[in-house]
Amino acid sequence: MMLPVGVAIDPKSGAMGQATGRYAKHLGETRGCYQDQAAVDALLAARGDLPVYEVVEFIQPGSDIIFGTTTMSPGQVGEEFFMTRGHFHQRRDRGEVYYTQSGRGVLLLESRQGESRTVDMVPGTCAFIPPDWAHRSINTGDAPLVFVWVCNADAGHDYAEILTRGMRQMVVKRDGAVALAPNPRYAA
Ligand code: PAN
Ligand code: ZN
């Protein structure tokens, strides 16, 4: 039988009291996310294979709901920032919620029809991700970005599309400001 449970989450680190799963993504294995491959190489040479983000999950066996935290390191690669791979959900009828706990970032979303939107990730903001919108989070600050996510356990992840064609927009730092720019590598 599933029982109620309260899971403690540290808002600064994303550490969870009772994790049932976790993984980390490093710069080397996410290099394809970035425009400037020379900047990736330079950063790898200078700082090593830095951790970009860590995901910690909680699910009870048999539950239809899963939640967890994503904790993103601050960092820049060329004019871009550390980002998640980004994905659609395998099930096109499954949305998600992202609740930012600390840090600052941008949630970049793209509908299946190619419409782009952003939601600012600031502590206390709960973002609604509609079904069939690709989503990628980007740490635009200089501290860790920590958010809690909640979705259906059967949502699944489809990484292939974003991996191969990228997203239409990218989030960049230009003239000291965070801005949105069209992705020159986007393969429509
Ligand atoms: C999140 C993401 C997590 C890592 O849990 O999976 O932030 O991002 P990528 O999966 O794009 O690497 C979520 O959206 N789950 O559905
Ligand atoms: Zn998702």
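Since the structure is predicted, the reported quantities are computational estimates derived from the model, not experimental observations.

Caption draft 1: Structural detail: the sheet that holds strand β2 (residues 51-58). Taking strand neighbours across the sheet as the criterion, the six strands line up as β1-β2-β3-β11-β6-β9 in an open arrangement whose pairing is antiparallel. The open sheet has two edge strands with one neighbour each: β1 (21-26) and β9 (126-129). On average, each strand axis in the sheet is tilted by 20° relative to the strand beside it, whichever way the strands run. Bridging between strand β3 (residues 65-72) and strand β11 (residues 145-152) involves eight bridges; their strand directions are antiparallel. Looking at β11, one finds that M72 is bridged to L145.

Caption draft 2: Here's a closer look at the side chain of S102. As for its position among the elements, S102 is in strand β6 (residues 96-102). Looking at S102, its side chain comes within polar contact range of the main-chain oxygen of P11, at 2.5 Å. For S102, the residues in contact, after removing those within four places along its chain, are P11, K12, P123, P144, L145 and V146.

Caption draft 3: The arrangement of the site of ligand 1 in detail. By nearness alone, 16 residues border ligand 1, and Y53, R85, E96, Y98 and Y159 come closest of all. Within the backbone of G86, an N or O atom sits 2.9 Å from an oxygen atom of ligand 1. Burial of ligand 1 by the protein amounts to 98% of the accessible area it has alone, namely 390 Å². Of all elements in the fold, only β2, β6 and β11 reach the threshold of two or more residues within the shell around ligand 1. When grouped by side-chain class, the residues that make up the shell around ligand 1 number seven nonpolar, seven polar and two charged.

Caption draft 4: Up close: the coordination of the zinc ion (ligand 2). Within the first shell, the zinc ion (ligand 2) binds the protein through H87 (NE2), H89 (NE2), E96 (OE) and H135 (NE2), at distances of 2.1 to 2.3 Å. With six donor atoms in place around the zinc ion (ligand 2) and angles of 76 to 174° between them, the coordination shape is octahedral. Sequence spacing of the donors to the zinc ion (ligand 2): H-x1-H-x6-E-x38-H. By relative accessible area, H89 is classed as buried at 4%. What makes E96 buried here is its relative accessible area of 7%.

Caption draft 5: Representation of the sheet that holds strand β8 (residues 116-121) within the structure. Read from one edge to the other, the open sheet built from three strands follows the order β8-β7-β10, with strand pairing classed as antiparallel. The strands lining the two open edges of the sheet, one partner per strand, are β8 and β10 (133-139). Adjacent strand axes in the sheet meet at a mean angle of 20° when their direction is disregarded. In terms of strand pairing, strand β7 (residues 105-111) meets β8 through six bridges, oriented antiparallel. When the sheet's bridge partners are listed, G105 is paired in β8 with M121.

Caption draft 6: Structural view of the packing of aromatic side chains. Per the counting criterion, the structure on display carries two aromatic pairs. Aromatic pair F58 and F67: ring centres 5.2 Å apart, planes at 35°, arrangement tilted. We classify F67 as partly exposed; its relative accessible area is 23%. The residue whose ring lies beneath R112 is F88, and the NZ or CZ to ring-centre distance is 3.9 Å.

What counts, and at which threshold
- Residue positions are given per chain, counted from 1 along the sequence in the order it is written.
- As a convention, the first chain written is A and the first ligand written is 1, with the rest following in written order.
- With pLDDT at 70 or above as the cut-off, local features in this predicted model cover only qualifying residues; side-chain atom pairs require 80 or more to be listed or tallied, and sums for whole chains, interfaces and linings still use all residues.
- Heavy atoms throughout the structure, all of them, feed into the side-chain values; hydrogens and water do not.
- Should DSSP find at least two bridges between two strands, the strands are taken to pair.
- A helix here means a DSSP run of H or I that spans at least four residues, while a strand means a run of E at least two residues long, and both kinds are numbered starting from the N terminus.
- Here an angle of 0 to 180 degrees is reported between the N-to-C directions of two axes, which are lines fitted to C-alpha atoms, with helices fitted over the stretch in contact.
- Polar contacts, as used here, are pairs of N or O atoms within 3.5 Å; protein pairs need one atom able to donate a hydrogen and one able to accept it. Residues neighboring in sequence count only if both atoms are side-chain atoms.
- Contacts are assigned to residue pairs with any non-hydrogen atoms lying within 4.5 Å of each other.
- Being near a molecule or strand, for a residue, comes down to having at least one heavy atom within 4 Å of it.
- The Shrake-Rupley method, run with a 1.4 Å probe, gives the accessible areas here. Residue values count only the displayed protein chains as cover.
- Under the scheme applied here, ten amino acids are nonpolar (Ala, Val, Leu, Ile, Met, Phe, Trp, Tyr, Cys and Pro), four are charged (Asp, Glu, Lys and Arg), and all others, including Gly, are polar.
- Each metal's donors are the N, O and S atoms within 2.8 Å of it, or within 3.2 Å when it is Na, K or Ca, and because water is not part of the set, sites may look incomplete.
- A site with four donors is called tetrahedral when every donor-metal-donor angle falls between 85 and 135 degrees; four donors are called square planar, and six octahedral, when opposite donors sit more than 155 degrees apart and all other angles fall between 65 and 115; any other arrangement is irregular.
- Think of it in three bands: with a 1.4 Å probe and only protein chains considered, a residue is buried below 20% of the maximum accessible area for its type, exposed above 50%, and partly exposed in between.
- Two rings from Phe, Tyr or Trp (for Trp, the six-membered ring) form a pair when their centres are within 6.5 Å of each other. A pair whose planes differ by under 30 degrees is stacked, one over 60 is edge-to-face, and the rest are tilted.
- Here, over-ring charges are defined by two tests on the NZ atom of lysine or the CZ atom of arginine: distance to the ring centre within 6 Å, and angle to the ring normal within 35 degrees.

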